[in-house]
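Tertiary structure, described
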Amino acid sequence: EMLFTVREGDVYKLGKLAFSGYALSDGDAFLKALESKKGTVFSRIAVQRDLKRIAERASKEGARVNVTPMTDVDPDKKLINVTFELEKLPGPVTF
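Scope of this entry: the structure provided in the associated data block. Because the structure is a prediction, the values reported are computed rather than measured. (Residues numbered from 1 in each chain as written. Predicted model: local features only at pLDDT ≥ 70, side-chain atom pairs only at ≥ 80, totals over all residues. Heavy atoms only, no water.)

1. Some thoughts on the overall build of the protein chain
- Helices and strands together make up the secondary structure of the protein chain, namely two helices and three strands.
- Secondary structure elements of the protein chain occur, N-terminal to C-terminal, as β-α-α-β-β.
- In summary, the protein chain has a C-alpha radius of gyration of 16 Å against a globular reference of 12 Å for 95 residues, an excess of more than 25%.
- Taking all 95 residues of the protein chain together, the buried fraction comes to 27%. (Helix = DSSP H or I, 4+ residues; strand = E, 2+ residues; numbered from the N terminus. Rg over C-alpha atoms; globule rule 2.2 N^0.38 Å. Buried < 20%, exposed > 50% of the residue type's maximum accessible area, 1.4 Å probe, protein only.)

2. A look at the nonpolar core
- With 19 residues, the main nonpolar core has Ile 54, Val 67, Val 82 and Phe 84 as its most contacted residues.
- Elements with a contribution of two residues or more to this core: β1 (13-21), α1 (27-33), α2 (44-60), β2 (64-74) and β3 (79-89).
- The contact partners of Val 82, leaving out residues within four places of it in the chain, are Leu 14, Lys 16, Leu 17, Ala 18, Phe 42, Pro 69, Met 70 and Thr 71. (Core = buried A, V, L, I, M, F, W, Y, C linked by side-chain atoms within 4.5 Å. Contact = heavy atoms within 4.5 Å.)

3. Notes on the pairing of β3
- Relative to β3, β1 is paired through seven bridges, and the arrangement is parallel. Within β3, the position partnered with Gly 21 by the bridge is Leu 86.
- Judged from the 11 bridges that link them, β2 and β3 form a sheet pairing that is antiparallel. Considered in β3, the bridge of Val 65 is made with Lys 88.
- Between the end of β2 and the start of β3, which pair antiparallel, lie four residues, with Lys 78 showing a positive phi angle near 55°. (Pairing = 2+ DSSP bridges.)

4. Details of the side chain of Asp 50
- If you trace the backbone, Asp 50 turns up in helix α2.
- Classification of Asp 50 by relative accessible area gives buried; the value is 0%.
- Looking at Asp 50, its side chain comes within polar contact range of the main-chain nitrogen of Glu 35, at 2.8 Å.
- Setting aside its immediate chain neighbours within four residues, Asp 50 contacts Leu 34, Glu 35, Ser 36 and Phe 84. (Polar contact = N/O pair within 3.5 Å; in protein donor to acceptor, adjacent residues only side chain to side chain.)

5. Details of the pattern of salt bridges
- Throughout the structure, instances matching the rule amount to five salt bridges.
- Note that Lys 78 and Asp 10 form a salt bridge whose closest N and O atoms lie 3.2 Å from each other. Placement of Lys 78 in the loop between β2 and β3 and of Asp 10 in the segment before β1 is noted, with a sequence separation of 68 residues between them.
- The exposure class of Lys 78 is partly exposed, given its relative accessible area of 30%.
- Its relative accessible area of 49% is what places Asp 10 among the partly exposed residues.
- A salt bridge links Arg 53 to Asp 50; the nearest nitrogen and oxygen atoms lie 3.0 Å apart. Of this pair, Arg 53 and Asp 50 both sit in helix α2, three residues apart, which is roughly one turn of that helix.
- When salt bridges that share partners are traced, they join Glu 35, Arg 49, Asp 50 and Arg 53 into one network. (Salt bridge = Lys/Arg side-chain N within 4 Å of Asp/Glu carboxyl O.)

Structure (structure tokens):
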């Protein structure tokens with residue numbers, strides 16, 4: 001018989017969400033459509049899904065982008081601010 005003790009780390013919530021770099025049309029409204037929401041528990045899986053949504057949105061606008069989530073952790077407030085950095089890539093959008 002084996003016994004494991006698992007200690008989860010502290011729970012962090014999402015703070016500020018923003019875009020930088022390439023500008024999506026109506027980016028502020030699009031932030032509200034993301035799965036990640038200010039004040040909810042931070043989830044890497046949700047951020048990964050949002051990266052895909054952002055790239056798909058840029059593609060619909062005719063741009064290829066590389067999306068990098070830049071995080072700023074505030075350990076005192078247990079907050080993670082996320083800035084989605086969009087880098088426009090050369091070349092046409094392909095489907």
